[in-house]
Amino acid sequence: MARSGWGFDIDNAAVFQKTLPESPPWLVSAELLLLQERYTEAKVEAESALQVAKRSNNMVSQGLALHLLARASSTQNRSEEAKSFAGEARAAFLAANDAKGAAGSSLLSARLAMNVKENLEAQRLVAEVLTEYEALESLPGQAAAQHLLARILAREDRIEDALEAADKAFQLFQQAEDKEGQAAALLVKGNMYVWNYADA
């Protein structure tokens, strides 16, 4: 279980709210529960919101709830459940014609694939997400995708490519005036230098 990664993880609450639609109050509350590592309570909050959204046929809210359920399941090492929720979230956003939400869910699917070492699938998804975020002209989205790509490439020991992706992520976060994102990109680069030094 990833218990301490949220602070500098690109999927933390602050970045999540920038790359997905404006957050309703229940989502802010559920995000806080995730940050506090109260995963079961976060899922209960999301499941309740999902039922309300289904009754009102609000597809965007359904997408948001499913997205959070995917993230909560991932923290509890329920990878298949998380993948299923992420796919359902993308479908809900697409049904609502919400391209940014759909891209955010695909980015989550890429991270989930990376977490279970499905690196080729993760790279494929990131490439698709980058194209979607470029079409949307979303700097935070492009930055998040490049940041994740850097992490994936680093795991394959493609250090030069990973550093290039991390640099692109940093520049995009800088353009978006996202200091937390800049710190995340620098942290990834720093980790790569440490790993290479240790292996030298």
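The notes below deal with the structure included here. (Residues numbered from 1 in each chain as written. Predicted model: local features only at pLDDT ≥ 70, side-chain atom pairs only at ≥ 80, totals over all residues. Heavy atoms only, no water.)

### Some details on the pattern of salt bridges
Now for step 1: Enumeration according to the criterion identifies 13 salt bridges in this entry.
Now for step 2: Of the charged contacts in the structure, one is a salt bridge between Glu-164 and Lys-168, with a shortest N-O distance of 3.6 Å. Residue Glu-164 and its partner Lys-168 are located together in helix 9 (residues 159–175), separated by four residues, close to a single helical turn.
Now for step 3: Residue Lys-168 is classed as partly exposed on the basis of its relative accessible area of 37%.
Now for step 4: In this structure, Asp-167 and Lys-189 form a salt bridge, with 2.7 Å as the shortest nitrogen-oxygen distance. (Salt bridge = Lys/Arg side-chain N within 4 Å of Asp/Glu carboxyl O. Helix = DSSP H or I, 4+ residues; strand = E, 2+ residues; numbered from the N terminus. Buried < 20%, exposed > 50% of the residue type's maximum accessible area, 1.4 Å probe, protein only.)

### Comments concerning helix 5 (residues 79–95)
Now for step 1: Helix length check: helix 5 (17 residues) gives 24 Å between terminal C-alpha atoms against 24 Å at 1.5 Å per residue, within 8%.
Now for step 2: Those residues of helix 5 not exposed but buried are Ala-82, Phe-85, Ala-86, Ala-89, Ala-92 and Phe-93. Projection of helix 5 onto a plane perpendicular to its axis shows the buried side chains occupying an angular sector of 125 degrees, all on one side.
Now for step 3: For helix 5, the elements touching its buried residues are helix 4 (59–75) and helix 6 (99–115). (Expected span 1.5 Å × (residues − 1). Arc of directions from axis to C-beta. Contact = heavy atoms within 4.5 Å.)

### Some thoughts on the side chain of Ser-105
Now for step 1: Topologically, Ser-105 is positioned in helix 6.
Now for step 2: According to the relative accessible area criterion, Ser-105 is buried, its value standing at 0%.
Now for step 3: Beyond its immediate sequence surroundings of up to four residues, Ser-105 is in contact with His-67, Ala-86, Ala-89, Arg-90 and Phe-93.

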